[in-house]
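# Chains, contacts and geometry: an overview
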Amino acid sequence: EYGDHVDSWLKTGGADKTALSFKRDYLYGGAFDAIGAIARDHSSLDPYDTVHLLGGIIGLLGFVGVWRLGRFLGGPWGGLWSLAFIMLTPVYVGHMFFNPKDAPFAVGYVWGLYYVIRVAAAMPGVSRLLWVSLGLGLGAALSVRIAGLLVVCYLALAVLAYGAFRAAVTGRIVEAGRAWWDMGWRAGISLGIGWLGMLLFWPWAQLRPVSGPFHSLRNMTHFTLHTRSFPFGGEWIRPFEVPWDYLPRLFAIKMPEVVIVALCVGAVVGLPIALRRLRDPISAWRVLVHALLAIAIVFPPLYAIVRGSALYDGVRHFLFLAPPICVAAGITVAWLQIRAQRQRAWLSIGLVIVIAVLCGRQVAVMKHMHPIEYAWFNAFVGGLAGAEGRYDIDYYGGSYEEAIRELETHLWETEPEKFVSGKYTVQGCLPTKIMRRYMPPNFRYSRSGRFHTGYTRGNCHLMHSEHPEVTRVERFGVPLNIVRDLERAQPAEASDDD
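Residues numbered from 1 in each chain as written. Predicted model: local features only at pLDDT ≥ 70, side-chain atom pairs only at ≥ 80, totals over all residues. Heavy atoms only, no water.

## Quick look at the overall build of the protein chain
Rules: By definition, any uninterrupted DSSP run of H or I lasting at least four residues is a helix, any uninterrupted run of E lasting at least two residues is a strand, and each is numbered from the N terminus. We compute the radius of gyration from the C-alpha atoms alone; for a globule the expected value is 2.2 Å times N to the 0.38, where N is the number of residues. Pairs of residues are marked as contacts when any of their non-hydrogen atoms sit within 4.5 Å. Values of accessible area rely on a 1.4 Å probe in the Shrake-Rupley scheme; residue burial ignores everything except the protein chains shown. When charges are tallied, Lys and Arg are placed among the positive residues and Asp and Glu among the negative ones, while His and the ends of the chain are skipped. By convention, charge coordinates are those of NZ in Lys, CZ in Arg, CG in Asp, or CD in Glu.
Secondary structure summary: the protein chain contains 19 helices and seven strands in total. Taken over C-alpha atoms, the radius of gyration comes to 25 Å for the protein chain, in line with the 23 Å a tight globule of 498 residues would show. Taking the principal axes of its C-alpha atoms as reference, the protein chain extends roughly 90 × 65 × 45 Å. A separation threshold of at least 6 residues defines the contact pool for the protein chain, and within that pool the share at least 24 residues apart is 67%. A total accessible area of about 23300 Å² is found for the protein chain, and carbon and sulfur atoms account for 62% of it. When the 47 positive and 38 negative side-chain charges of the protein chain are each reduced to one mean point, those points stand 15 Å apart.

Okay, here's the thing in structure tokens:
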């Protein structure tokens, strides 16, 4: 809907002002939404299928960005492992096809970060093409969420660090000023390109091209629209009362185990090595370039913790951290390969085999979870079974389509004559428009429907437990959606006398 309003704003030259006040979406850049609207106008597919396909294609561009960043920092093997890890990250893949904000922003974030790191590594000999590419990368992030300003901060940090580095190497303070001016105005042009890209599909910000985005940033930082409670570690909390370890803990149990282990190894082993190399002027700048990746992973959650930002729906709002985390894990594995190769060839081969086996296992896991990959939890919490009742599992309602389909199959098999000519009413916990989207022709959504379909958010699946279960959607033995017949009562349990 927001995309249609942005499209109308552009087509009417601003005469249709609906996009300026549409829900809370007006505070977001509308690049993905508007491109989706344009794609729907020219697609022969169903409108929803069209925009879901668009999301998948953009998600693939995220794969490419991860591969290029991993390859730049860790060589061919670093690129390969980074690509493999992001492709096998369920929470990222699961959001690619239906999340119009967090998934496209994750793509823009990794591309913006990639070009910031490329620019930093090339200083002072940065080509014009690279500066322009950086501007496009910044625009890709800013045009979806104003949180893309994070990438702008990394760029500013790189420029400041380069000036300090030049002063330290030459022993002349004046060199810092020269470096800041020389790199700063060029970085400003890149930022200008990115800023224009952001404004292009953001009607509300077009009226306030400078102050508007920062006003949006303040609103997003203190976003409290959702006040519902949700489980975290077995306790029920609210979005604005999350504990400090909310994000670290969830990333630790939502990312693939091999990624988390590699990330920890990289942090433990890499930090001492980096500190030693800082003493050498030749390698110090390369260390600082790699540090940008670490900052891009650590700073956003640290900022959210300090500011007490409202958080919910797992790691959805910080999905953009998944790509750089996979890159850090990928280049760590590549580094371990090189070290192992220097010791014994078979050690390197053995490491590759072990990682490949773990990746193969993850492929099987994702195949089983499809298309609700984002609901998966890793073995560090005991998998889905360990997360059941303790954490939000299916917080986006991705299980509903399968639940309705299972109900349809059940009714066709148990009462075919009535199914052909009769009508059925269904209720659930999703918004009416979404529920109706999943309904076959002989189903009708009603708040007093005969069948109740409930997913795990807010324990909706546990409602009406006094009525018999008709069917369910589950993964690894854990229910994600339960369908109950409200016109029937749960059969009484037989007594010992019986």
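## A look at the state of the cysteines
Note the threshold: The disulfide criterion used throughout: a pair of cysteine sulfur atoms within 2.5 Å.
What the rule picks out here adds up to one disulfide. Note on cysteine connectivity: C429 is disulfide-linked to C460, with sulfurs 1.9 Å apart. Every disulfide takes its handedness from the sign of the S-S torsion; for C429 and C460 that torsion is 80°, giving right-handed. Residue C429 is located in the loop between strand 3 (424-428) and helix 19 (432-438), and its partner C460 is located in the loop between strand 5 (451-455) and strand 6 (469-475); the two are separated by 31 residues in the primary sequence.

## Quick look at the packing of aromatic side chains
Spelled out, the test is: Any two of the Phe, Tyr and Trp rings considered here, Trp counted by its six-membered ring, make a pair once their centres fall within 6.5 Å; the pair's planes then place it as stacked at under 30 degrees, edge-to-face at over 60, or tilted in between. Buried residues are those whose accessible area, probed at 1.4 Å on protein chains only, stays under 20% of the maximum for their type, while exposed residues exceed 50% and partly exposed ones sit between those limits. Remark: a charge is flagged as sitting over a ring if the NZ atom of Lys or the CZ atom of Arg is within 6 Å of the ring centre and within 35 degrees of the ring normal.
Here the structure, examined in full by the defined rule, presents 32 aromatic pairs. With centroids separated by 5.2 Å and ring planes inclined at 55°, the aromatic side chains of Y374 and Y395 adopt a geometry described as tilted. Placement of the pair is Y374 in the loop between helix 15 (345-369) and helix 16 (383-387) and Y395 in the loop between helix 16 and helix 17 (400-414), with a sequence separation of 21 residues. Residue class for Y374 comes out buried when judged on its relative accessible area of 1%. Here the aromatic cluster, defined as three or more aromatic residues joined through ring pairs, consists of F105, Y109, Y154, F318 and F320. Residue placement shows K101 over the ring face of Y28; its charged tip is 5.3 Å from the ring centre. Above the face of the F105 ring, R145 is positioned so that its terminal group lies 4.8 Å from the ring centre.

## Quick look at the sheet that holds strand 4 (residues 443-445)
In plain terms, the rule: At least two bridges found by DSSP between two strands is the condition for calling them paired. Every axis corresponds to a line fitted to the C-alpha atoms, with the helix fit spanning only the stretch in contact, and the corresponding angles, defined between N-to-C directions, vary from 0 to 180 degrees.
Overall, mixed pairing links the five strands, which are arranged 4-3-5-7-6 in an open sheet. The two strands at the open ends of the sheet, each matched to only one other strand, are strand 4 and strand 6. The sheet shows a mean angle of 25° between the axes of neighbouring strands, taken without regard to direction. Bridge count between strand 5 and strand 7 (residues 478-485): five bridges; the pairing is antiparallel. In the strand pairing of strand 7, T453 is matched with V483. Strands strand 3, strand 4, strand 5, strand 6 and strand 7 of the sheet are contacted by helix 17, whose axis makes an angle of about 140° with strand 6.

## Re a positive patch on the surface
Stated precisely, the cut-off is as follows: Residues enter patches when their relative accessible area tops 30% and they take part in no salt bridge; the joining distance is 9 Å for like charges and 5 Å for the nonpolar side chains Val, Leu, Ile, Met, Phe, Trp and Tyr. By salt bridge we mean one thing: a side-chain nitrogen of Lys or Arg within 4 Å of a carboxyl oxygen of Asp or Glu.
Taken together, the side chains of R276, R277, R279, R286, R339 and R342 define a basic patch exposed on the protein surface. At the level of secondary structure, the elements contributing two or more residues to the positive patch comprise helix 12 (257-277) and helix 14 (322-343). Along the polypeptide, R276 turns up in helix 12.

## A short note on the nonpolar core
Just so we agree on the cut-off: We call a set of buried Ala, Val, Leu, Ile, Met, Phe, Trp, Tyr and Cys residues a nonpolar core when their side-chain atoms join them within 4.5 Å.
Ranked by internal contacts, the top residues of the largest apolar core, which has 144 residues, are F85 and L293. Among the elements that make up this core, the one with the highest residue count is helix 5 (residues 102-122) (14 residues). Once residues within four sequence positions are removed from consideration, L293 is found in contact with L69, L73, L113, I117, P324, V327, A328 and I331.

## As for the packing of helix 5 against helix 13 (residues 281-307)
What counts, and what does not: Oblique is the label for any angle not covered by the other classes, which are roughly parallel (under 35 degrees), roughly antiparallel (over 145) and roughly perpendicular (65 to 115). The crossing is said to be left-handed when, going from far helix to near helix, the turn is anticlockwise and less than a right angle, and right-handed when the turn is clockwise. Under the scheme applied, nonpolar residues are Ala, Val, Leu, Ile, Met, Phe, Trp, Tyr, Cys and Pro; charged residues are Asp, Glu, Lys and Arg; polar residues are all the others, including Gly.
Remark: helix 5 packs on helix 13, axes separated minimally by 9 Å, with the N-to-C direction vectors making an angle of 155°. By the angle between their directions, the pair helix 5 and helix 13 is classed as roughly antiparallel. Helix 13 is crossed by helix 5, and the crossing has right-handed handedness. On the side of helix 5, the interface is formed by Y109, L113, V116, I117, A120 and A121, while helix 13 contributes W285, V289, L292, L293, A296 and P300. Counted by class, the contact of helix 5 with helix 13 contains twelve nonpolar, no polar and no charged residues.

## Let's talk about the layout of surface pockets
Stated formally: Cavities and pockets are found on a 1 Å grid laid over the protein atoms alone: a cavity is a set of points where a 1.4 Å probe fits but cannot escape, a pocket is an open set with protein on both sides within 12 Å along at least five of seven lines, and a lining residue has an atom within 4 Å of such a point. Grid points are joined across faces, edges and corners, and a volume is the space filled by probe spheres set on the points.
Considering only enclosed or pocket space, the second largest pocket measures out at about 1400 Å³ in volume. If you trace the second largest pocket, you find 45 residues lining it, with G266, A267, A294, A328 and T332 closest to the centre. Put simply, the parts of the chain that give the lining of the second largest pocket at least two residues each are helix 3 (47-87), helix 11 (246-254), helix 12, helix 13 and helix 14. Split into classes, the residues belonging to the lining of the second largest pocket amount to 35 nonpolar, six polar and four charged.

## Focus on helix 12
Heads up, the rule is: To estimate how far a helix should reach, multiply one less than its number of residues by 1.5 Å. Two axes define the bend at a residue: one fitted to the seven residues ending there, one fitted to the seven starting there, and the bend is the angle between them.
Along its 21 residues, helix 12 runs 30 Å from first to last C-alpha, staying within 8% of the 30 Å computed at 1.5 Å per residue. Bending of helix 12 peaks at approximately 35° at the position of G270, with proline P272 no more than four residues after it. Within helix 12 the residues assigned to the buried category are E257, V258, V259, I260, A262 and I273.

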